[in-house]
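Coordinate inspection notes
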Amino acid sequence: MAIKIIEHNTIEELKREVRETVDGRYQLRLNTIILAKQGLKTKDIFKKMLISKNTYYHWLHNYNDGGTEALKAIKRVGQKKVIQDMMIKYLKNYLKSWI
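A quick note: this is a predicted structure, and the numbers were derived from the prediction, not measured.

Below, the discussion takes up a nonpolar patch on the surface. Taken together, Val82, Ile83, Met87, Ile88, Tyr90, Leu91, Tyr94, Leu95 and Trp98 make up a surface patch of nonpolar side chains, about 970 Å² in accessible area. Along the polypeptide, Tyr94 turns up in helix α5 (residues 85–96). For Tyr94, a relative accessible area of 41% translates into the label partly exposed.

And the structure:
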């Protein structure tokens, strides 16, 4: 069963958005929606974009609910940072002193 994609943006508008953004994750989401709008089979999109089926459907539902702004707002889930920013700064300075 294919999920219908709501026509928030044309493919050309989505491609322009891909070119204008520097966020790689957002570009991946946009390219995934572009492929779906072009009619590629869902299974082929998973393989081409190296994403899971759940991720694909999550992005598709977000796009349908709120367009590109909803895709942009997706936060990455996963394990919290083990090394805090302050420690990273300290390590960078420490390593620079060895050069």
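So that's the structure; there's more coming.
So, about the packing of aromatic side chains. Per the counting criterion, the structure on display carries two aromatic pairs. Arranged with centres 5.6 Å apart and planes meeting at 70°, the rings of Phe46 and Tyr56 form a pair that is edge-to-face. One end of the pair, Phe46, is in helix α3 (residues 42–49); the other, Tyr56, is in helix α4 (residues 53–72), with ten residues separating them in the sequence. The same class applies to Phe46 as to Tyr56, namely buried. Taking relative accessible area as the criterion, Tyr56 reaches 5% and is therefore assigned buried. Each residue in the set Phe46, Tyr56 and Tyr57 is aromatic and connected to the rest through ring pairs, giving one cluster.

For Leu50, which is not a glycine, the phi torsion comes out positive at approximately 55°. With respect to the helices and strands, Leu50 occurs in the loop between α3 and α4. Leu50 gets classed as exposed once you look at its relative accessible area, which sits at 75%.

Rules used throughout
Residues numbered from 1 in each chain as written. Predicted model: local features only at pLDDT ≥ 70, side-chain atom pairs only at ≥ 80, totals over all residues. Heavy atoms only, no water. Patch = residues over 30% accessible without salt bridge, like charges linked within 9 Å, V, L, I, M, F, W, Y side chains within 5 Å. Areas by Shrake-Rupley, 256 points an atom, 1.4 Å probe, with all protein chains shown as cover. Salt bridge = Lys/Arg side-chain N within 4 Å of Asp/Glu carboxyl O. Helix = DSSP H or I, 4+ residues; strand = E, 2+ residues; numbered from the N terminus. Buried < 20%, exposed > 50% of the residue type's maximum accessible area, 1.4 Å probe, protein only. Phe/Tyr/Trp six-rings, centres within 6.5 Å; stacked < 30°, edge-to-face > 60°.

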